[in-house]
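# Report on the structure
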Amino acid sequence: MSKEEIYERLNKVFQDVFDDDTITVNENTTADDIEDWDSLEHINLVSAVEQEFAIKFTMAQVVGMKNVGEMVDIIMTSN
């Protein structure tokens, strides 16, 4: 799977989780860039991403992710 394909699928996940069809993520997107991205929504987001890509993040990965680019890197190495 290419990074472009992952970003396309992530955009849909983010749009669903945050109920905002205008969200488009890139490698530098952080919680500061999305208004409703708080700690509770982070848990929902991680769960939705895990389901979408049939992966399971470790706690260290969840805590260590600084932006969407790092999430994509983890997804790429998990598939």
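Refer to the structure presented above.
As a starting point, this report considers the structure included with it. Note that the coordinates shown come from a computational prediction; the quantities given were computed from them, not determined experimentally.

### Some remarks on the overall build of the protein chain
Broken down by element type, the protein chain carries four helices and zero strands. Secondary structure elements of the protein chain occur, N-terminal to C-terminal, as α-α-α-α. A globule of 79 residues ought to have a C-alpha radius of gyration of about 12 Å, and the protein chain, at 11 Å, matches this closely. Overall size of the protein chain, expressed as C-alpha extent along the three principal axes, is 30 × 25 × 20 Å. For the protein chain, the proportion of its 79 residues judged to be buried stands at 38%. Residue pairs in contact within the protein chain that sit at least 24 positions apart in sequence constitute 53% of those at least 6 positions apart. Looking at the protein chain as shown, the accessible area adds up to about 5000 Å², and 47% of this sits on carbon and sulfur atoms.

### With respect to the packing of aromatic side chains
Enumeration according to the criterion identifies three aromatic pairs in this entry. Seen from their ring centres, Phe14 and Trp37 are 5.5 Å apart, and the 75° between their planes marks the pair as edge-to-face. Of this pair, Phe14 sits in helix α1 (residues 3-17) while Trp37 sits in the loop between α1 and α2 (39-53), and the two are 23 residues apart along the sequence. Assessed through its relative accessible area of 0%, Phe14 is described here as buried. On the basis of relative accessible area, Trp37 is assigned to the buried category, the value being 12%. When the ring of Phe18 is compared with that of Trp37, the centres are 5.9 Å apart and the planes differ by 45°; the resulting orientation is tilted. In this pair, Phe18 is assigned in the loop between α1 and α2 and Trp37 in the loop between α1 and α2, connecting sequence segments 19 residues apart.

Cut-offs used in this document
Residues numbered from 1 in each chain as written. Predicted model: local features only at pLDDT ≥ 70, side-chain atom pairs only at ≥ 80, totals over all residues. Heavy atoms only, no water. Helix = DSSP H or I, 4+ residues; strand = E, 2+ residues; numbered from the N terminus. Rg over C-alpha atoms; globule rule 2.2 N^0.38 Å. Buried < 20%, exposed > 50% of the residue type's maximum accessible area, 1.4 Å probe, protein only. Contact = heavy atoms within 4.5 Å. Areas by Shrake-Rupley, 256 points an atom, 1.4 Å probe, with all protein chains shown as cover. Phe/Tyr/Trp six-rings, centres within 6.5 Å; stacked < 30°, edge-to-face > 60°.

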